[in-house]
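Descriptive analysis of the structure
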Amino acid sequence: MLPRLDEIEDDLLSRRDRAADERWLGEVEGLDLTLTFLQQKREQTQRLTRIAPVNLGMPGLRSGGAS
């Protein structure tokens, strides 16, 4: 997921540069907000990658008859 977030960030930064060059101030503001959310998502993803997965096992049928 992190490489995909890097790709998205590169695209957003390119769009932000274009918006700034064209003086699309509302667009710049929106892209800045999106970049902030992207940074938060990256930090969350990095935290989750440090947590070991939990093995819940495979469900199975209980032995014995039904009452």
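Structure: above.
Below is a summary of the structure that appears in this document. (Residues numbered from 1 in each chain as written. Predicted model: local features only at pLDDT ≥ 70, side-chain atom pairs only at ≥ 80, totals over all residues. Heavy atoms only, no water.)

A short note on unusual backbone geometry
In this model, R23 sits at a positive phi of 65°, which is unusual for a non-glycine residue. Residue placement: R23 occurs in the loop between α1 (2–21) and α2 (25–49). (Helix = DSSP H or I, 4+ residues; strand = E, 2+ residues; numbered from the N terminus.)

Remarks on the nonpolar core
L5, L12, A19, V28, L31, L35 and L38 together form the largest nonpolar core, which totals 7 residues. Elements represented by at least two residues in this core include exactly α1 and α2. Residue contributions to this core peak at 4 residues, all from α2. Sequence-distant contacts of L31, defined by excluding residues within four places in its chain, comprise L12, R15, R16 and A19. (Core = buried A, V, L, I, M, F, W, Y, C linked by side-chain atoms within 4.5 Å. Buried < 20%, exposed > 50% of the residue type's maximum accessible area, 1.4 Å probe, protein only. Contact = heavy atoms within 4.5 Å.)

Quick notes on the pattern of salt bridges
Scanning the model with the defined rule gives 6 salt bridges in all. One salt bridge connects R4 with E7, and the closest N-O pair in it is separated by 3.0 Å. Of this pair, R4 and E7 both sit in helix α1, 3 residues apart, which is roughly one turn of that helix. Accessibility expressed as a relative area gives 47% for E7, which makes it partly exposed. (Salt bridge = Lys/Arg side-chain N within 4 Å of Asp/Glu carboxyl O.)

Quick notes on α1
The end-to-end C-alpha separation of α1 is 29 Å, in line with the 28 Å expected for 20 residues at 1.5 Å each. Buried residues of α1: L5, L12 and A19, and no others. Projection of α1 onto a plane perpendicular to its axis shows the buried side chains occupying an angular sector of 45°, all on one side. With respect to the buried face of α1, the exposed residues turned more than 90 degrees away are P3 and D21. Each element contacted by the buried residues of α1 is listed here: α2. Where α1 terminates, the next one or two residues include R23, which has phi positive at roughly 65°. (Expected span 1.5 Å × (residues − 1). Arc of directions from axis to C-beta.)

With respect to the packing of α1 against α2
Helix-helix packing: each pair is described by the crossing angle between the helix axes and the interaxial distance. Axis separation between α1 and α2 bottoms out at 10 Å; the angle between their running directions is 165°. The angle between the axes of α1 and α2 places the two elements in the roughly antiparallel class. The interaxial crossing formed by α1 with α2 has left-handed handedness. Judged by residue contacts, L2, L5, D6, I8, E9, L12, L13, R15, R16, A19 and A20 of α1 engage E27, V28, L31, D32, T34, L35, L38, K41, R42, T45 and Q46 from α2. Counted by class, the contact of α1 with α2 contains 11 nonpolar, 3 polar and 8 charged residues. (Axes fitted to C-alpha atoms, helices over the stretch in contact; angles between N-to-C directions. Parallel < 35°, antiparallel > 145°, perpendicular 65-115°, else oblique. Left-handed = near helix turned anticlockwise from the far one by under 90°. Nonpolar A, V, L, I, M, F, W, Y, C, P; charged D, E, K, R; others polar.)

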